[in-house]
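Coordinate inspection notes
The primary structure of each chain is shown beneath.
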Amino acid sequence: MAKLTIADLKKIKEKQHATFTLREGGYRAKVTVHMGTCGIAAGARNIMTTLMDEISRANVEDVITTTSGCAGFCAREPMATVEIVNKAPVKYGNLTSDKISEIFREHVMGGNPVEKYALVVGSETTY
Amino acid sequence: MEKYRANLLLCAGTGCVATGTPKVRDALKAELEKQGLADEIKIVLTGCNGFCAEGPVMLVYPEEIFYQKLTVNEIPKLVEEHFLKGRPYEKLMFKDIEKKHAIPLMNDIPFFKLQVLRVLRNKGMIDPESLDEYIARDGYTAAATALNEMTPEEIIKVMKDSGLRGRGGAGFPTGLKWEFASKSQADQKYMLCNGDEGDPGAFMDRSVMEADPHSVIEGMIIGAKTIGASKGVIYVRAEYPLAVERLQKAISVCLDSGLLGENILDSGFNFNLEIYLGAGAFVCGEETALMRSIEGQRGMPRPRPPFPAHKGLWDKPSVLNNVETLAQIAPIILNGADWYRSLGTEKSPGSKVFALTGDIRNVGLVEVPMGIPLKTIIYDIGGGVNKKKKKFKAVQLGGPSGGCIPQELIDIPVTYEDIVKTGAIVGSGGMVVMDEDTCMVSTAKFFLEFTADESCGKCTPCRVGTRVMLDMLTDITEGRGKEGDIETLQDLSKDIIATSLCGLGQTAPNPVLTTIKYFGHEYEAHIKEHWCHAGICSDLCSFHIVDDLCKGCGACMRGCPSNAIVGEKKKPHRIIQELCLQCRSCYDICKFGSIEIRPALETKPEPAVKDEEVTT
Amino acid sequence: MVDDIKILVVDDERVVIRSVEMVLKAEGYDIEGASSGKDAILKMEQNNYNLVLTDLNMPEMDGITLIRWLRQQKPETGIVILTGYPSQETIKEALELGIIDYVPKPFTPAVLLDVTQRAIEWLRKRGVVEEKPTEEFPPSMLDEIDRVIKQYKEIPGSSIPVLQRCQQIVGYLPPHVQKRIAKGLNLSPAHVHSIVSFYSYFTMKPRGDHNIRVCLGTACYVKRIEESLNKLKQELKIDVGDVTEDKKFSIEVVRCLGACGLAPVIVVDEETYGAVTPKKVAEILEEYA
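1. Points about the overall build of chain C
- Secondary structure assignment for chain C yields 12 helices and 9 strands.
- Looking at chain C as a whole, 52% of its 289 residues are labelled buried.
- Summing over all exposed atoms, chain C offers an accessible surface of approximately 14,100 Å²; the carbon and sulfur share of this is 50%.
- In chain C, which carries 36 positive and 44 negative side-chain charges, the distance between the mean positions of the two groups comes to 3 Å.

2. Thoughts on the overall build of chain A
- Counting its regular elements, chain A contains 4 helices and 5 strands.
- Listing the helices and strands of chain A from first to last along the sequence gives α-β-α-α-β-β-β-α-β.
- Long-range pairs, those at least 24 residues apart, make up 61% of the contacts in chain A with a sequence separation of at least 6.
- Accessible area for chain A stands at about 5,800 Å²; split by element, carbon and sulfur atoms hold 50% of it.

3. Considering the interface of chain B and chain A
- With 55 residues of chain B in contact, the opposing surface of chain A contributes 44 residues.
- If you look at where chain B meets chain A, you find 2 salt bridges.
- Of the charged contacts in the structure, one is a salt bridge between K13 of chain A and D138 of chain B, with a shortest N-O distance of 2.3 Å.
- Where chain B touches chain A, the interface holds 7 residue pairs in polar contact (both at pLDDT 80 or more).

4. Comments concerning the domain arrangement of chain C
- As far as domains go, chain C holds domain 1 (6-125), domain 2 (139-198) and domain 3 (210-288).
- Averaged C-alpha coordinates put domain 1 of chain C and domain 2 of chain C at centres separated by 30 Å.

5. Some details on the packing of aromatic side chains
- For the structure shown, the criterion picks out 14 aromatic pairs over all chains.
- Aromatic side chains Y134 of chain B and Y140 of chain B sit 5.2 Å apart centroid to centroid with 75° between the ring planes, which places their arrangement in the edge-to-face category. In this structure, Y134 of chain B and Y140 of chain B share a single accessibility class: buried.
- Both rings, one in Y379 of chain B and one in F392 of chain B, keep their centres 6.1 Å apart while their planes meet at 55°; by these two values the pair is tilted. Residue Y379 of chain B is found in helix α16 (residues 374-381), and its partner F392 of chain B is found in strand β11 (residues 392-397); the two are separated by 13 residues along the sequence.
- Classification of Y379 of chain B by relative accessible area gives partly exposed; the value is 31%.
- An aromatic cluster of at least three residues, connected via ring pairs, comprises F198, Y199, Y201 and F202 of chain C.
- Positioned above the aromatic ring of Y240 of chain B is the side chain of R237 of chain B, whose terminal nitrogen or guanidinium carbon lies 4.9 Å from the ring centre.

6. Here we look at the nonpolar core
- Judged by nonpolar contacts, the single largest core of 137 residues is most densely connected at Y140, W178, M191 and F271 of chain B.
- One finds L192, F282 and L320 of chain B together with L185 of chain C within the second-largest nonpolar core, a separate group that totals 46 residues.

7. Details of the pattern of salt bridges
- Taken as a whole, this structure holds 51 salt bridges over all chains when the rule is applied.
- Of the charged contacts in the structure, one is a salt bridge between R584 of chain B and D588 of chain B, with a shortest N-O distance of 3.2 Å.

8. Notes on the sheet that holds strand β2 (residues 41-46) of chain B
Residues and elements named next belong to chain B.
- Strands sit in the order β2-β1-β3-β4 across an open sheet of 4 strands; the sheet is mixed. The strands lining the two open edges of the sheet, one partner per strand, are β2 and β4 (65-67). Along the sheet, successive strands turn relative to each other by an average axial angle of 20°, direction set aside.
- Bridge analysis of strand β1 (residues 6-11) against β2 gives 6 bridges, and the strand direction is parallel. Looking across to β2, one finds that A6 is bridged to I41.

9. As for unusual backbone geometry
Residue and element names in this part refer to chain B.
- Each neighbour pair has its own omega, and for R304 with P305 the value is -5°, a cis peptide bond.
- Mapped onto the secondary structure, P305 falls in the loop between α12 (287-294) and β8 (318-322).
- In the segment running from P305 into P306, the intervening peptide bond is cis, with an omega of 0°.
- Locating P306 in the fold gives a position in the loop between α12 and β8.
- One non-glycine residue, N563, lies in positive phi territory at about 50°.
- Looking at the element boundaries, N563 is found in the loop between α23 (555-559) and β15 (565-566).
- A relative accessible area of 59% places N563 in the exposed class.
- Of note in the backbone geometry, K570 takes a positive phi value of approximately 60° without being a glycine.
- With respect to the element layout, K570 can be found in the loop between β15 and β16 (574-575).

10. Here's the deal with the side chain of N322 of chain B
All names here are of chain B.
- Residue position: N322 is located in strand β8.
- Of the residues examined, N322 reaches a relative accessible area of 10% and is grouped as buried.
- One polar contact links the side chain of N322 to the main-chain amide nitrogen of E324, over a distance of 2.8 Å.
- When near neighbours in sequence (up to four residues on either side) are disregarded, N322 contacts R167, G168, N194 and D205.

11. Comments concerning the interface of chain C and chain B
- Each partner contributes residues to the interface: chain C has 33 residues there, and chain B has 52 residues.
- Of all residues in chain C, F198, T218 and R255 of chain C bury the most surface against chain B, accounting for 23% of the area lost on that side.
- Where chain C packs against chain B, one counts 1 salt bridge.
- Put simply, D588 of chain B and R224 of chain C hold a salt bridge, and the shortest N to O gap is 3.1 Å.
- In this assembly, chain C and chain B are joined by 17 residue pairs in polar contact (both at pLDDT 80 or more).
- Counting only elements with at least two residues in the side of chain C that touches chain B, the list comes to α1 (14-25), α7 (159-170), α9 (189-198) and α10 (218-222) of chain C.
- It is α9 of chain C that provides the largest number of residues to the side of chain C that touches chain B, a total of 5 residues.
- Counted by class, the side of chain C that touches chain B contains 16 nonpolar, 11 polar and 6 charged residues.

Definitions and cut-offs
- In this convention, every chain numbers its residues from 1, walking through the sequence in written order.
- Just so you know, chain letters begin at A and ligand numbers begin at 1, following the order they were written in.
- For a predicted model such as this one, the threshold for reporting local features is a pLDDT of at least 70, and the threshold for listing and counting side-chain atom pairs is 80 or more; totals across whole chains, interfaces and linings nevertheless cover every residue.
- To obtain the side-chain values, all non-hydrogen atoms of the structure were used and water was disregarded.
- Secondary structure is summarised from DSSP: a helix means a run of H or I of at least four residues, a strand means a run of E of at least two, and numbering begins at the N terminus for each.
- Only protein chains enter the calculation, and the probe is 1.4 Å; a residue is then buried if its accessible area is under 20% of its type maximum, exposed if over 50%, and partly exposed in between.
- Computed with the Shrake-Rupley method and a 1.4 Å probe, the accessible areas treat only the protein chains shown as cover for residues.
- We treat Lys and Arg as the positive residues and Asp and Glu as the negative residues; His and chain ends play no part in the count.
- Working definition for charges: the position is that of NZ of Lys, CZ of Arg, CG of Asp or CD of Glu.
- The contact definition used throughout considers only heavy atoms, calling two residues in contact when any of these lie within 4.5 Å.
- Only one rule defines a salt bridge in this text: a Lys or Arg side-chain nitrogen within 4 Å of an Asp or Glu carboxyl oxygen.
- Each polar contact in these results corresponds to two N or O atoms within 3.5 Å; when the atoms are within protein, one needs to be able to donate a hydrogen and the other to accept it, and residues that are neighboring in sequence are counted only if both atoms are side-chain atoms.
- Domain ranges listed in this record stem from an automatic or a database domain assignment.
- When the centres of two rings from Phe, Tyr and Trp lie within 6.5 Å, Trp using its six-membered ring, the rings pair. Their planes under 30 degrees apart give stacked, over 60 give edge-to-face, and anything left gives tilted.
- Placement of a positive charge over a ring is assigned whenever Lys NZ or Arg CZ falls within 6 Å of the ring centre and within 35 degrees of the normal to the ring plane.
- Here the nonpolar core consists of buried residues drawn from Ala, Val, Leu, Ile, Met, Phe, Trp, Tyr and Cys, with membership extended through side-chain atoms lying within 4.5 Å.
- Strands were regarded as paired on the criterion that DSSP finds at least two bridges between them.
- To obtain each axis, a line is fitted to C-alpha atoms, and for helices this fit is confined to the stretch in contact; angles are then taken between N-to-C directions over 0 to 180 degrees.
- As a working definition, buried area equals the accessible area (1.4 Å probe) given up by two parts on being put together, with both sides summed.
- Charged residues are taken to be Asp, Glu, Lys and Arg, nonpolar residues to be Ala, Val, Leu, Ile, Met, Phe, Trp, Tyr, Cys and Pro, and polar residues to be all remaining types, Gly included.

As structure tokens, then:
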């Protein structure tokens, strides 16, 4: 990798904003699985594997999955966040393989959040 | 509005009146009176709400929960659920027709609403292994500014003005620390990060290193530039493999892209960073001990002065900052000291991350403004004690160096100054909640076991003193406590505090002192009455079934490992004391609270042989 | 574990016996105490000890008398004197009777250990104690250790990382691995040992096929992990720090693992189990049975 300059930082930022905001990145949905030590111990890896399976089975290309660190709400691990383009993100908790499959079908593919597993909608504000 | 716990804004617009507001109001009023809530909850009739189609509608303040299509029949259920049990009655909750769901908003849930995310600004948002995603959230912009546009003096000024205090526990002003090291003259200086999170019950640093490793590295680059260090070390616990892996990946990608190494971001500044794995010694959280450990020695503290800012790692000027401290350097540089001070109090500005654990509903990692009442963290964010029917007893702050804060003091604001007044410390941020089933003498013993074990042995008062105190506490919890033990414990504590070299010894007696201060009666009961009210110390309690409360369901009988419970179905059961092991399982199993904990029986059915020589 | 060496410590002060026991037991030595010369003889008539550490000034029967008895009855046994007031004569007499070494009181753990190790070395050279064959470590393992040493040799303060890597290779740090490292890094064996004994990450005992780590953090404590730990000890019939007879399981207690959200927590090998109860412990063990 070439050495970064300050100008590069700006470019990366702009480019990332494009993908972050789904729309411009050409993605329809993004699923983030929270994988800190707690989450992994509670079974986050399993959730991730199930999710990947579902995606490949459904043969869709406009859904991205990503991992992230601890979401802080340890009592509800494992957790995942589903973002659909133009919609507020929804956080799910106490996940199992079955639950994530259902969420994938209903929410990611069907666009309807699965109320019974959802914890909260919206994104946290930073100060 | 303040006089009432809640206000019910019942819509009395034309539409709602037509669909039944007057009847609903009468039913509500009657039900509130019946439940004895009429003095706490006020019904207010309001003008049209605009949601006539869903009427009658009602808004509950302060929670701002919106109920729709109220009917007289549903009122008792609603009052019971919402005002007695404290959970919104979902069935009648307003549902956004378009969205067709009842998922609460961030702002609806105190756990999210009351948090301020600065250190945890990227938590759960970015892929910790992606440099690009970190950069997208303003990552390394502060480093670029600090390296190219600021002098060390300017950086120090911002840090000092911000009032940031080290988050590792002692709360020393970061700006000052940097200033001392910056002024030291030497051919080599070191910028160090303390990721040897040792307090049991604390996992803030682990989470930050795992979720946002670049934020720590960026903080270190800025610190290194300020003090003039070309080398840095992150000291991480070997027990945190995931944190190590992610930091390692972050360091290599930084090296590849020139954010570490030579001539960072064309500024002419060089900084190399490596990871050093701790090998598990609590005392290595102390700065001089940590440095000894990196040098490959036993991690024992040494007297200060000389301070590490003059003679630290390999006798060179060094700065050691904690993970959480470093993670908030970048936003301070970007947004300025005033922004930082917009949260918190004069002496304790900014925000602090706490790890909420123990007997609490919302176990988790929370970041709150300094000065927030302890009560808000525990009840609103934490959701209170996790078991129904159990009462909050104490919250432990600051790990083995801290203390237990009782219910009476729960209103205090969380600042360095206020917490110290209670005898506890803010510490690194562990908050362990304990309910009424906790024995405070055993808790003090637990912490002392920890410090006695982790004492490096250099100072006699700490090495021997903690042992002696531990033996005394063991005696008290096993029924050999004597009159005067409490005073002796206090005296010993004072000596250990006064004569130990490092923080470990100086704070080791805190858990004992605070439990004596606030829960002295429990010590007394253990010593004088041979009674551990919580039923934890098995030598100091006996279990009995209260006839009036026992339903004869037999659950305790099935759960008893020693078949000590007898009784016929649907008739009060009885515990055969000769067989009872005081294991407490019946107490935990019984749903009706019919098991009572009384003092140990005077004549033990089977006298346990207690011999000094017997070791387990 | 240390080459099956049996040691007897003789002293009329219990505190001395205890501290010697504490230091040497931690190293895996099989050690017993005797509180007088008579007591010692009684014990030696029943058991064979390779090494006797004895005080000189004791009521009833003094150390020299005991040593004389030993020389006649148990000439194979190595003798080390622990004494606070060595007079020229007694030391001379003792040396003539053939002691290996002496430790002046008060002593530090490092000194005691050093002397003990040297005494065993001495016994070994005379063929009294057989050197434990190192066949359990294949040459490839030793090569790997040497490679790690070579890699870190020039880096100052590298003893801890080297020990960490070697423990990963071997599983634990027995004395001859420590010695190999000490030699390679040009450090004294006592120094390496002092580091190994200071940090809880290092272990001098082998672990079972499945190592069970029990978290003793505050959150786990509050959630009563002790009940599960007791169940674990009971099920496996071993204590903390021990290995089951079939070498299948070992139990270790560790400092807070930082997984407090799941408290109480135990970790089997690398797998974390949260919210454990005594009942769940039994189920978890089944999984590995």
